[in-house]
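Chains, contacts and geometry: an overview
Read off the chains here:
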Amino acid sequence: MIGTHRAKRDSLAAIEICLERDGGLGEEEALLVLGDCSVPLTGLLTITDRLRRKHSGNKIRLCSIVNAKSGSCSEDCSFCAQSAHYATDVKRYPLLGVENLLMAASEAVRTGAGEFSIVTSGAAVRSEKELKVLEQTLRNIRQSSANLQRCASLGRLSAEQLKHLKEAGLECFHHNLEASRSFFPRICTTHTYDDRVEIVRTAKEVGFRVCSGGIFGMGETNADRVALARELKALDVDSVPINFLHPIPGTPLEEARYLTPEICLRIIAMFRLVLPDKDIVICGGRGYNLRDMQSMIFWAGANGILIGDYLTTSGRDAEADLKMLQDLELEPYEKE
Ligand code: SF4
């Protein structure tokens, strides 16, 4: 018994030493965090809470998204309700017009979000007409709600197209890697991991704040989770959205049930420890997978959440999230 206590204390000490020496956990210690109870959750969360406070104080980023173009996607991502390869009951509609997108931005401001992302289904928004709608929308938001950070997730755009959007006011570009390089072919066959890495690199080169993360609970191993964190660190992304699978009927992952609240917290903690100076934002599947343990994500190291509805599933009432922050003496981050 004494030996077990000592092992736990030693594993926490090893994490502290690694943080001090390298500024972030290496592969071996990151695997320990996910591995088993040899790293006790309570001790772990004390470390990650401290790192989160060092990174962003008591400020929490609140992101809101609009599903600007839904369904009928040519890609076959096996977790996604929007893929045309699967029979799901997702809504299908073309790109919303400027007026509807502006209404969604106003709603984001009303609910207290500091960041607003326009998200479209499909491999990429390529038509000139669609890009013009997006540019017009971004110009209008810049004028009407200057404090709202303007973000978008539009698939694999060229550097030229990204530059046009930047000129129109886009500040942050989102493109997930979704999984580790070795696991990715098991969840998508219509494009490659390198396609995803390339757009992350291009968006960084164009000068965007880049938001890129993944989705967990698809059958990936702990080694896959660590490999994704290290890949994102190497790409020097600014913000890491973490999604937990909410299985969608009709998709190949409809039966996947791999997560528990503790596994989710350990995944968040591992990302905070590997990427101590980046934003870690908890997105889809938060309520479904963490249930009553949602507020613990901040101790685990998250400094952002998606509020309101997710892309194809409902989120909880934004009021409840704002109340949760208030109760925890945390405050929404405001753009300077
Ligand atoms: S994740 Fe994106 S690219 Fe993949 S199927 Fe869904 S909408 Fe299409």
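For the structure, check the block above.
Residues numbered from 1 in each chain as written. Predicted model: local features only at pLDDT ≥ 70, side-chain atom pairs only at ≥ 80, totals over all residues. Heavy atoms only, no water.

**Here we look at the overall build of the chain**
Along the chain, the regular secondary structure elements total 12 helices and 10 strands. The C-alpha radius of gyration computed for the chain amounts to 19 Å, which stays within 12% of the reference 20 Å derived for 336 residues, consistent with globular compactness. Along the longest, intermediate and shortest principal axes, the C-alpha atoms of the chain span 70 × 40 × 35 Å. Across the 336 residues in the chain, those meeting the buried criterion constitute 56%. Summed over all atoms, the accessible surface of the chain reaches about 14,900 Å², with 51% contributed by carbon and sulfur. Distance between charge centres in the chain, computed from 41 positive and 46 negative side chains, equals 1 Å. (Helix = DSSP H or I, 4+ residues; strand = E, 2+ residues; numbered from the N terminus. Rg over C-alpha atoms; globule rule 2.2 N^0.38 Å. Buried < 20%, exposed > 50% of the residue type's maximum accessible area, 1.4 Å probe, protein only. Areas by Shrake-Rupley, 256 points an atom, 1.4 Å probe, with all protein chains shown as cover. Lys, Arg positive; Asp, Glu negative; His and termini not counted. Charge placed at Lys NZ, Arg CZ, Asp CG, Glu CD.)

**Things to note about the site of the ligand**
Close to the ligand lie Cys73, Glu75, Cys77, Phe79, Cys80, Ser83, Ser121 and Gly122. Partitioned by chemical class, the residues of the shell around the ligand number 4 nonpolar, 3 polar and 1 charged. (Near = heavy atom within 4 Å. Nonpolar A, V, L, I, M, F, W, Y, C, P; charged D, E, K, R; others polar.)

**Describing the state of the cysteines**
Here the structure, examined in full by the defined rule, presents 0 disulfides. Considering cysteine sulfurs only, Cys172 is the nearest to Cys211, which forms no disulfide, with 5.0 Å between them. Free cysteine Cys264: the closest other cysteine sulfur is in Cys283, separated by 13 Å. For Cys264, a relative accessible area of 0% gives the class buried. (Disulfide = S-S within 2.5 Å.)

**A few points about the packing of aromatic side chains**
Tallying each qualifying case throughout the model produces 4 aromatic pairs. Aromatic pair Phe216 and Phe271: ring centres 5.5 Å apart, planes at 70 degrees, arrangement edge-to-face. One end of the pair, Phe216, is in strand β6 (residues 214-216); the other, Phe271, is in helix α10 (residues 261-274), with 55 residues separating them in the sequence. Every member of this aromatic cluster is reached through a ring pair, and the members are Phe216, Phe244 and Phe271. The residue whose ring lies beneath Arg61 is Tyr333, and the NZ or CZ to ring-centre distance is 4.1 Å. (Phe/Tyr/Trp six-rings, centres within 6.5 Å; stacked < 30°, edge-to-face > 60°. Lys NZ or Arg CZ within 6 Å of the ring centre and 35° of its normal.)

**Some details on the pairing of strand β8 (residues 279-282)**
Burial of the side chains of β8 extends over both faces: Asp279 and Val281 are buried on one face and Ile280 and Ile282 on the other. Pairing geometry for strand β7 (residues 239-244) and β8, over 4 bridges, is parallel. Directly across from Ser239, in β8, lies its bridge partner Asp279. Between the parallel pair β7 and β8, the chain is carried across by α10, and the sense of this crossover is right-handed. As paired elements, β8 and strand β9 (residues 304-306) share 2 bridges and run parallel to each other. Residue Ile282 lies in a different strand from β9, and its bridge partner there is Ile305. (Pairing = 2+ DSSP bridges. Right-handed = clockwise from strand over helix to strand, strands pointing away.)

**Notes on the nonpolar core**
Among the nonpolar cores identified, the biggest contains 97 residues, and Phe244 and Phe271 are the most heavily contacted of them. Here this core gets 9 residues from one element, more than from any other, and that element is α10. Among all residues touching Phe244, those that are not within four sequence positions of it are Phe216, Leu259, Cys264, Ile267, Ile268, Ile282, Gly284, Gly285, Asn289 and Leu290. Core analysis: the second largest hydrophobic core is formed by 5 residues, Cys63, Cys283, Leu306 and Tyr310 among them. (Core = buried A, V, L, I, M, F, W, Y, C linked by side-chain atoms within 4.5 Å. Contact = heavy atoms within 4.5 Å.)

**A short note on the side chain of Gln294**
By the element assignment, Gln294 lies in the loop between α11 (286-290) and β9. Setting aside chain neighbours within four positions, we find Gln294 in contact with Arg286, Gly287, Arg316 and Met324.

**Side note on the packing of helix α5 (residues 128-144) against helix α6 (residues 159-168)**
Geometrically, a packed helix pair is captured by the angle between its two axes and the distance between the axes. Where α5 contacts α6, the two axes come as close as 8 Å, and the packing angle between them is 25 degrees. Relative to α6, the element α5 is oriented roughly parallel. Contacts between α5 and α6 involve Leu131, Leu134, Glu135, Leu138, Arg139 and Arg142 from the first element and Gln161, His164, Leu165, Glu167 and Ala168 from the second. (Axes fitted to C-alpha atoms, helices over the stretch in contact; angles between N-to-C directions. Parallel < 35°, antiparallel > 145°, perpendicular 65-115°, else oblique.)

**So, the pattern of salt bridges**
The full count for this structure, using the stated rule, is 24 salt bridges. The shortest N-O distance in the salt bridge between Arg181 and Asp194 comes to 3.0 Å. On the criterion of sequence distance, the pair formed by Arg181 in the loop between β4 (172-174) and α7 (184-187) and Asp194 in helix α8 (residues 193-206) is long-range, its members being 13 residues apart. The class for Arg181 is partly exposed, based on a relative accessible area of 38%. (Salt bridge = Lys/Arg side-chain N within 4 Å of Asp/Glu carboxyl O.)

**Concerning helix α9 (residues 222-235)**
For α9, built from 14 residues, the straight-helix expectation of 20 Å at 1.5 Å per residue is met to within 8% by its first-to-last C-alpha distance of 20 Å. Those residues of α9 not exposed but buried are Asp224, Arg225, Val226, Leu228, Ala229, Leu232 and Leu235. Each element contacted by the buried residues of α9 is listed here: α2 (27-35), α8, β6, β7 and α10. The positive-phi residue at the C-terminal boundary of α9 is Asp236, with phi of around 60 degrees. (Expected span 1.5 Å × (residues − 1).)

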